[in-house]
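A structural walkthrough
As a plain string of letters, each chain reads:
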Amino acid sequence: MSKRIISILVPVLVLLIVWFSPIPSGLTIQAWHYMAIFLAVIVGLVIEPVPAALVGLIGVSLMALIGLAGKTPADNVKWALSGFSNSTIWLIFAAFMFAMGYQKTGLGKRISLIMIRYMGKSSLGLGYAVAFADLVLAPFMPSNTARGGGTIFPIAINIPIIFNSTPEHEPRKMGAYITWIAMSATCVTSSMFLTALAPNLLAIDLIAKGANIFITWGAWAKIMVPLMFATFPCNATFGLLDLSTYSKTVS
């Protein structure tokens, strides 16, 4: 049996085991079946036999089809479609489309290379170039994976090769430093802007619904940009000091 088939069967098996297990006292049969589907979806998201979005869609559709989300078919359909009417979800979707455009057109790569060209005259300058390239892209890319892993890191990882710094040969000459900056910078920039990380948008939506407090893009940036911007010199300098050799410059 292929690995893919097994990964598809595992969430189904979890669903069946929980579904037909004895129902704990105090729970209704609907609540227990809801839990069974929920656990199966979580397992599916972890092992990903199919794309994560499809796993979630299957779970939502199954709950609506069985009638676990409402008393009438209309209530179930309304519940299943409620997420698509959320303005925050569409904002995330739009931001991801912009992020895809940055990658497809190569604009993100051009911005990063321009930063390296003008700032990469020394080891410290290269660190700042990588960090500021991430900073420039952050407001428009709500995925730190797409930004840091898909745009910045593929460019930054080629810099240590110039200095013959690879995982097998003197990795701490330059490779460790650039890798550290690329990873830490995207964590910092993710907090600076509301649209720099998808969970930021979901968080303010939960706050708005739960506490009736509405946080705008400008209000978030007003607090977080000065606070997090101050960590850029620290990340670059401390990472540099941690190297065994850092005196080389780009010729």
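Residues numbered from 1 in each chain as written. Predicted model: local features only at pLDDT ≥ 70, side-chain atom pairs only at ≥ 80, totals over all residues. Heavy atoms only, no water.

**A word on the overall build of the chain**
Stated precisely, the cut-off is as follows: Helix numbering and strand numbering both begin at the N terminus, where a helix is a DSSP run of H or I of at least 4 residues and a strand a DSSP run of E of at least 2. For every residue, the accessible area (1.4 Å probe, protein chains only) is compared with the maximum for its type, and the residue is labelled buried under 20%, exposed over 50%, or partly exposed between those bounds. Contact between two residues is taken to exist if any of their heavy atoms lie within 4.5 Å; hydrogens are not considered.
For the chain, the helix and strand inventory stands at 13 helices and 0 strands. Starting at the N terminus, the α and β elements of the chain follow one another as α-α-α-α-α-α-α-α-α-α-α-α-α. Counting over 251 residues, the chain shows a buried share of 38%. Within the chain, counting contacts between residues at least 6 apart in sequence, those at least 24 apart form 65% of the total.

**Structural notes on helix 8 (residues 144-156)**
To be explicit about the condition: In this analysis, the expected span of each helix is defined as 1.5 Å times one less than the number of residues it contains.
In this model helix 8 runs just 15 Å from its N-terminal to its C-terminal C-alpha over 13 residues, more than 12% under the 18 Å that 1.5 Å per residue would give. Within helix 8, the full set of buried residues consists of Ala146, Arg147, Gly148, Thr151, Ile152, Ile155 and Ala156.

**What about the environment of Arg172?**
Among the secondary structure elements, Arg172 is positioned in the loop between helix 9 (159-162) and helix 10 (175-192). Between the C-alpha atom of Arg172 and that of Pro160, which follows or precedes it by 12 residues, the distance is 9.5 Å.

**Here's the deal with the layout of surface pockets**
Counted only if it meets this: Only protein atoms enter the 1 Å grid used here. Points where a 1.4 Å probe fits but cannot escape make up a cavity, open sets with protein on both sides within 12 Å along at least five of seven lines make up a pocket, and a residue lines them when an atom lies within 4 Å of a point. Grid points are joined across faces, edges and corners, and a volume is the space filled by probe spheres set on the points. Under the grouping applied here, Gly and all other residues not named as nonpolar or charged are polar, the nonpolar ones being Ala, Val, Leu, Ile, Met, Phe, Trp, Tyr, Cys and Pro and the charged ones Asp, Glu, Lys and Arg.
Taken as a whole, the second largest pocket spans an internal volume of roughly 300 Å³. What lines the second largest pocket is a set of 14 residues, and nearest its centre among them are Pro11, Val12, Ala40, Val55 and Ile58. Elements supplying a minimum of two residues to the lining of the second largest pocket: helix 1 (3-19), helix 2 (29-47) and helix 3 (52-66). Here the residues of the lining of the second largest pocket are counted per class, giving 12 nonpolar, 2 polar and no charged.

**Some thoughts on the packing of aromatic side chains**
Quick note on the threshold: Aromatic rings from Phe, Tyr and Trp, with only the six-membered ring used for Trp, were paired whenever their centres fell within 6.5 Å, and each pair was classed as stacked if the ring planes differed by under 30 degrees, edge-to-face if by over 60, and tilted otherwise.
Overall, the coordinates contain 3 aromatic pairs when judged by the stated rule. Between Tyr128 and Phe132 the ring centres are 6.1 Å apart and the planes differ by 35 degrees, which places this aromatic pair in the tilted class. Here Tyr128 and its partner Phe132 are both found in helix 7 (residues 123-137), 4 residues apart, which amounts to about one turn of the helix. With centroids separated by 5.7 Å and ring planes inclined at 20 degrees, the aromatic side chains of Phe193 and Trp217 adopt a geometry described as stacked.

**A few points about the pattern of salt bridges**
What counts is decided by this rule: Just to be clear on terms, a salt bridge is a Lys or Arg side-chain nitrogen sitting within 4 Å of an Asp or Glu carboxyl oxygen.
The final tally for this structure, using the stated rule, is 2 salt bridges. One salt bridge in this structure joins Arg147 and Asp134, with 2.7 Å as the shortest N-O distance. Note that Arg147 is positioned in helix 8 and Asp134 in helix 7, a separation of 13 residues in sequence. Asp134 matches Arg147 in its accessibility class, with the two residues each being buried. For Lys209, the salt bridge is made with Asp205, and the minimal N-O distance between the two is 3.5 Å. A residue pair is termed a helical-turn pair when its members lie 3 or 4 positions apart in one helix, as Lys209 and Asp205 do in helix 11 (residues 198-211) at 4 residues. The exposed category is assigned to Lys209, whose relative accessible area is 62%.

**A closer look at the confidence of the model for the chain**
The condition that has to hold: pLDDT expresses how confident the predictor is about each individual residue, on a scale running from 0 to 100.
Of all residues in the chain, 84% attain a pLDDT of 70 or more, and the chain-wide mean is 79. The low-confidence segment residues 243-251 (pLDDT under 50) makes 20 contacts with residues lying over four places distant or belonging to another chain.

**Some details on the environment of Ile161**
Structurally, Ile161 is set in helix 9. For Ile161, a relative accessible area of 52% corresponds to the exposed category. Spatially, the C-alpha atoms of Ile161 and Met174 are 8.6 Å apart, while their sequence positions differ by 13 residues.

**A short note on a nonpolar patch on the surface**
To be explicit about the condition: Think of a patch as exposed residues, more than 30% relative accessible area, with no salt bridge, where like charges cluster within 9 Å and nonpolar side chains (Val, Leu, Ile, Met, Phe, Trp, Tyr) cluster within 5 Å. Here the accessible surface of atoms and residues is derived via Shrake-Rupley with a 1.4 Å probe, and residues count as covered only by protein chains that are part of the display.
On the surface, a nonpolar cluster with roughly 790 Å² of combined accessible area is contributed by Ile6, Val10, Tyr34, Met35, Phe38, Leu39, Ile42, Leu45, Val46 and Ile47. When residues of the nonpolar patch are traced back to their parent elements, those giving at least two are helix 1 and helix 2. When residues of the nonpolar patch are assigned to their parent elements, the largest contribution, 8 residues, is made by helix 2. Relative to the helices and strands, Val10 is located in helix 1.

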